[in-house]
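What follows is the residue order along each chain.
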Amino acid sequence: MSGVPLAWYLILSAVLFSLGIAGFLFRKSVITIFMSIELMLNAVNLSFVAFSYQLKQVNGHIFTFFVMVVAAAEAAVGLAIILTVFKNRSTLNVDEMNSMKD
Amino acid sequence: MQQLWLIPALPFAGFLINGIFGRRFSKAAVNAIAIGSVLLSFVWALEAVLSLGDAPIFEHYFDWIVAGGFRVGCDFTVDRLTAVMLLVVTGVGSLIHIYSIGYMAHEGGYYRFFAYLNLFMFFMLTLVLAANYLLLFVGWEGVGLCSYLLIGFWFHKKSATNAGNKAFIVNRIGDFGFSLAMLMIVVQFGSLDFATVFPAAAGKPESVLTSIAMLLLVGACGKSAQFPLYVWLPDAMEGPTPVSALIHAATMVTAGVYMVARSFPIYLHAPTALTWVAYIGLFTAVFAATIGLAQNDIKKVFAYSTVSQLGYMFLGVGSGAFSSGIYHLMTHAFFKALLFLGAGSVIHALSGEQDMRLMGGLRKKIPVTFWTLMFAAIAISGIPPFAGFFSKDAILLAAYHRAPWMYWIGTITAGMTAFYVFRAMFLTFFGEYRGHEHPHESPPAMTVPLAALALLSLVGGFIRIPAWLESFFPAAAEAPEEFSLVAISVAAGVIGIFAAYVMYVAKPALADSVASRAGAFYRLVYNKYFVDEIYDAVVVKPVVDISRVVLWRGVDAGLIDGAVNGIGTQSQGIGGLLKLLQSGNIRSYATWVVFGSVILVVALSLIGATR
């Protein structure tokens, strides 16, 4: 039975991760930046699961749970911060959040 | 135990009490404490001397420095040499303290003066009683300090404070030589105690002993105002006259002579150094005598006379006749202190006038001062049977024994001595009064010490010091008495007196005509051979300039301030660079996060690959 080669999973994971970084660096809206962060985390999850299937070990699965928990917590806190910032500035443009600049 | 420590401790107690509480005391209380302490010290010293047998008295109080095998104790000793010095210092010192009651009666800072005088007595007595070089040096430095304090007593006068500084600094140069000598002694002998060093001196190589002796001589030149370190003594006349009498005539300046005499075992085994002592002494005697010929300030005449007479003491010691040098030290203390105190009496009578050109005809107005000063003048001119005759002749005979040309120069100097002293006497007491003050005789507090010193100047020569010290300086060969030499030196003194009489009493115009005929020489001598100006240009100005330009601006402001400020500036620079990271721009923070994580991953993978 021919399965999907491991390399294809890894390439997919790498591409997703790069897209996540690109979005993180180049997008204006804060929410889009957060979505890109989630994308990066999921790309890494994919990589973990692929390896755990390949090596017939359960470590990768377990670690994925950890990553998801962290992602969820981070999303919760991050969205709370975004809400507060939006209430104060009425904008989601990341370039306009520069009051620490002298 | 003789309790020798009381001898210096009593004046020290006087210093403490008068110094701390004197401001609130009445004049009588200050007097009682100051003079009482010195008189008690004199009595105690007398008692110690009278109980002196054949062996010296030695008292050890405590160990001061203990470092490995090197020990210096706080030790006092009294032997025959110390006995002479002790009695001179405390005796003449007491008389001068009593005199000061009258002289300083109208001055401010009365208690401070007596406190400083007592402090001086403490240090001088420590110097004389010390049984090792280090304790002697403590006294040595201490009298230098007191000299500075007392010369600059009227500290609101710039000239006085300058003179005090000059005295201290020039002394310091000599002290440097003394310190080097002490270090050499420690290296060579392993100890500074007289009882250890002197017996071992015979066994050391002559070159070593010559170096030590020459360095000690440098120290002695500084303290005893010999050429080239004499320049502080004439300026020291800025101080009150009792100070000039006590410190710069009778006691402090004799410390150098005492130290050389005390170190005689070293000098006897280093004949080159001993010859230098004689040469320097002789040169200084002549040099200072010529300067004294032309001075117009009465105290300056006597100051140069002191330098000259100290030269005689060095000549005596340097000719190997140590006891004659000490003999002259004692008689000089009598008549020089008297000369200064008498000059002070004249100055007091004229309410502060010191220029002899504004004096004259005072012998009827202040007769006691006149007669006592006359005794001193005759004594210093070496006329028998006054004191100066015996001691000066002892020195001149020893000099002849060493080298006849030294005797002849010494005799000519004796003639000059008589001349300038009697010039001062005639200008002050004879002729017509040329000033504007109302001269009055001094109070008994001043005239009684004058009378006492006059008596000592008359009979002091009969205190046969050379015989007393014969057992102390065993290796010294005393010169035989030769009547013709003695007669010639006395004749020189008489000629000097006669010449002064002719020039200043009989034919007063002669003095001015001689001065104008001698023209250049007169100007040279009147300006003290421009030695102060030479020192100023050659030594003082370069040192001050180097200090200002190199050390202050160059090193201190440039190097050290630059280094410290430079560190501050560098910190600011680095901080400025790091500040660029915190731009307040979220996107740049994001970029830095990505950048940093990439580097981290690459680094970890490389480390993992090498493992």
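Residues numbered from 1 in each chain as written. Chains lettered and ligands numbered in written order. Predicted model: local features only at pLDDT ≥ 70, side-chain atom pairs only at ≥ 80, totals over all residues.

1. Topic: the overall build of chain B
Here comes step 1: The helix and strand tally for chain B stands at 24 helices and 2 strands.
Here comes step 2: Dimensions of chain B, computed from the C-alpha atoms along their principal axes, are close to 115 × 60 × 55 Å.
Here comes step 3: When burial is assessed residue by residue, chain B has 50% of its 611 residues classed as buried.
Here comes step 4: Residue pairs at least 24 apart in sequence account for 81% of intrachain contacts in chain B once pairs closer than 6 positions are excluded. (Helix = DSSP H or I, 4+ residues; strand = E, 2+ residues; numbered from the N terminus. Buried ≥ 20, exposed ≤ 12 C-beta atoms within 10 Å, placed from the backbone. Contact = placed C-beta atoms within 7 Å.)

2. Focus on the overall build of chain A
Here comes step 1: Of regular secondary structure, chain A possesses 3 helices and 0 strands.
Here comes step 2: In summary, chain A has a C-alpha radius of gyration of 17 Å against a globular reference of 13 Å for 102 residues, an excess of more than 25%.
Here comes step 3: Here the C-alpha coordinates of chain A stretch approximately 60 × 25 × 25 Å along the principal axes.
Here comes step 4: Burial analysis of chain A (102 residues in total) assigns 6% to the buried set.
Here comes step 5: Long-range pairs, those at least 24 residues apart, make up 46% of the contacts in chain A between residues at least 6 apart in sequence. (Rg over C-alpha atoms; globule rule 2.2 N^0.38 Å.)

3. A look at the packing of helix H13 (residues 271-292) of chain B against helix H18 (residues 404-429) of chain B
Residue and element names in this part refer to chain B.
Here comes step 1: In the contact formed by H13 and H18, the axes pass within 9 Å of each other and the chain directions differ by 30°. Between H13 and H18, the angle falls in the class roughly parallel. Viewed along their axes, H13 and H18 form a crossing whose handedness is left-handed. Contact with H13, carried on its side by Ala278, Leu282, Ala285, Val286, Ala289, Thr290 and Gly292, involves Met406, Ile409, Gly410, Thr413, Met416, Thr417 and Tyr420 of H18 and no other residues of that element.
Here comes step 2: Within the contact of H13 with H18, the residues separate by chemical class into 9 nonpolar, 5 polar and no charged. (Axes fitted to C-alpha atoms, helices over the stretch in contact; angles between N-to-C directions. Parallel < 35°, antiparallel > 145°, perpendicular 65-115°, else oblique. Left-handed = near helix turned anticlockwise from the far one by under 90°. Nonpolar A, V, L, I, M, F, W, Y, C, P; charged D, E, K, R; others polar.)

4. Some thoughts on the interface of chain A and chain B
Here comes step 1: Between chain A and chain B, the contact holds 10 residues from the first and 8 residues from the second.
Here comes step 2: When its residues are assigned to classes, the side of chain A that touches chain B shows 6 nonpolar, 1 polar and 3 charged.

5. Here we look at the environment of B:Ser244
Residues and elements named next belong to chain B.
Here comes step 1: Mapped onto the secondary structure, serine 244 falls in helix H10 (residues 241-250).
Here comes step 2: Serine 244 gets classed as buried once you count the C-beta atoms within 10 Å, which come to 29.
Here comes step 3: Sequence separation between serine 244 and leucine 341 is 97 residues; the distance between their C-alpha atoms is 8.5 Å.
Here comes step 4: Serine 244 has contacts with Ala236, Met237, Gly239, Ala249, Lys299 and Phe340, leaving out every residue within four places of it along the chain.

6. Some details on helix H23 (residues 531-579) of chain B
Here comes step 1: Where H23(B) bends most, at B:Gly562, the angle is about 40°.
Here comes step 2: Counting buried positions over the 49 residues of H23(B) gives 0, only a small fraction of the element. (Bend = angle between axes of the 7 residues up to and from the residue.)

7. A few points about the confidence of the model for chain B
Here comes step 1: When pLDDT is averaged across chain B, the result is 88; 98% of the residues are at 70 or more.
Here comes step 2: Here the predicted complex scores 0.80 on pTM and 0.86 on ipTM. (pLDDT = per-residue confidence, 0-100.)

8. Considering the pairing of strand E1 (residues 57-67) of chain B
Here comes step 1: Counting buried residues in E1(B) gives 1 out of 11 residues, a small share hidden from the surface.
Here comes step 2: Between E1(B) and strand E2 (residues 70-78) of chain B, which pair antiparallel in sequence order, lie 2 residues; one of them, B:Gly68, sits at a positive phi of approximately 65°. (Pairing = 2+ DSSP bridges.)

9. Describing unusual backbone geometry
Here comes step 1: The omega torsion across B:Phe227 and B:Pro228 is 0°, close enough to zero to call that bond cis.
Here comes step 2: For B:Pro228, the location among the structural elements is in the loop between helix H8 (206-223) and helix H9 (232-235).
Here comes step 3: Looking along the chain, the bond that leaves B:Pro384 and enters B:Pro385 is cis, with omega of -5°.
Here comes step 4: Even without glycine at this site, A:Ser90 takes up a positive phi of about 55°.
Here comes step 5: Its location among the elements puts A:Ser90 in the segment after helix H3 (59-89).
Here comes step 6: With 8 C-beta atoms packed within 10 Å, A:Ser90 lands in the exposed category.
Here comes step 7: With phi around 55°, B:Ala225 is a residue other than glycine that occupies positive phi space.

10. Observations regarding helix H11 (residues 255-262) of chain B
Here comes step 1: Along H11(B), 8 of the 8 residues are buried, which leaves the element largely enclosed by surrounding structure.
Here comes step 2: Of the positions making up H11(B), those classed as buried are B:Ala255, B:Gly256, B:Val257, B:Tyr258, B:Met259, B:Val260, B:Ala261 and B:Arg262.

11. Considerations on the packing of helix H3 (residues 80-103) of chain B against helix H4 (residues 110-129) of chain B
Angle between the axes and distance between the axes: these two values describe a pair of packed helices.
All names here are of chain B.
Here comes step 1: Direction vectors running N to C along H3 and H4 enclose 175°, while the axes themselves pass 10 Å from each other. The angle between H3 and H4 falls in the class roughly antiparallel. Two secondary-structure elements touch here, H3 through Thr82, Met85, Leu86, Val89, Gly93, His97 and Ser100 and H4 through Phe113, Leu117, Met121, Met124, Leu125, Val128 and Leu129.
Here comes step 2: Partitioning the contact of H3 with H4 into residue classes produces 10 nonpolar, 4 polar and no charged.

12. Quick word on the pairing of E2(B)
Here comes step 1: Sheet topology note: the E1(B)/E2(B) ladder contains 9 bridges and is antiparallel. Along E2(B), the bridge assignment pairs B:Phe62 with B:Cys74.

13. Thoughts on the environment of B:Phe42
All names here are of chain B.
Here comes step 1: One can find phenylalanine 42 in helix H2 (residues 27-50).
Here comes step 2: Here phenylalanine 42 falls in the buried class, since 22 other C-beta atoms lie within 10 Å of it.
Here comes step 3: When the C-alpha atoms of phenylalanine 42 and glycine 91 are compared, they prove to be 6.1 Å apart, with 49 residues separating the residues in sequence.
Here comes step 4: Look past the residues within four positions of phenylalanine 42 in its chain and what remains in contact with it is Thr90, Gly91 and Ser94.

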